[in-house]
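Architecture at a glance
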Amino acid sequence: DNDLVEAVVGMANTRGGELYLGVEDDGTITGVCDSHADEIGISALIANMTVPSIPVRAEIIGQEIKVLKIEIPMSRTIVATTNGKILKRR
């Protein structure tokens, strides 16, 4: 969960974007794990672990192999994790 929140913070502090859980770096679709297959739960987790809260939009896409798509808005202010970590993508 911490790695996910840090990735979201880094993206929000730059241009925002889309993050896909269940897709490997090389493009292989492996599917999202059961603990991250809840769109509302992931949105709440990210909102609760960021300061100020990042309002992401999450949805499951795919029929046979499920992938979680998270849309991350660009933040107008600097966002950090609740642990105080500030990240920015380069």
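Reference entry: report on the structure contained in this document. (Residues numbered from 1 in each chain as written. Predicted model: local features only at pLDDT ≥ 70, side-chain atom pairs only at ≥ 80, totals over all residues. Heavy atoms only, no water.)

The next point concerns helix α2 (residues 39–48). All of the buried residues along α2 are Ile42, Ser43, Leu45 and Ile46. Down the axis of α2, the buried set is contained in an arc of 160°. They therefore lie on one face. α2 presents Ile40 and Asn48 as exposed residues on the side facing more than 90 degrees away from its buried surface. Buried residues along α2 sit against α1 (2–12), β2 (50–51), β3 (57–61) and β4 (67–72). Measuring from the side-chain oxygen of the N-cap residue of α2 to the backbone nitrogen of isoleucine 40 gives 3.4 Å; that N-cap residue is aspartate 38. (Buried < 20%, exposed > 50% of the residue type's maximum accessible area, 1.4 Å probe, protein only. Helix = DSSP H or I, 4+ residues; strand = E, 2+ residues; numbered from the N terminus. Arc of directions from axis to C-beta. Contact = heavy atoms within 4.5 Å. Polar contact = N/O pair within 3.5 Å; in protein donor to acceptor, adjacent residues only side chain to side chain.)

The next subject is the environment of arginine 89. In this fold, arginine 89 is placed in the segment after β5 (80–81). Sequence separation between arginine 89 and methionine 11 is 78 residues; the distance between their C-alpha atoms is 6.0 Å.

Per the stated rule, a full pass over the model turns up four salt bridges. A salt bridge links glutamate 18 to lysine 69, with the nearest nitrogen and oxygen atoms 3.7 Å apart. Linking glutamate 18 in strand β1 (residues 17–21) with lysine 69 in strand β4, this pair joins segments that are 51 residues apart in sequence. A salt bridge links lysine 69 to glutamate 71, with the shortest nitrogen-to-oxygen separation between them at 3.3 Å. The buried category is assigned to lysine 69, whose relative accessible area is 15%. The class of glutamate 71 is partly exposed, set by a relative accessible area of 23%. Each of Glu18, Arg57, Lys69 and Glu71 takes part in a single network of salt bridges with overlapping partners. (Salt bridge = Lys/Arg side-chain N within 4 Å of Asp/Glu carboxyl O.)

Within α1 the residues assigned to the buried category are Leu4, Val5, Val8, Val9, Gly10, Met11 and Ala12. Buried residues in α1 make contact with β1, α2, β2, β4 and β5.

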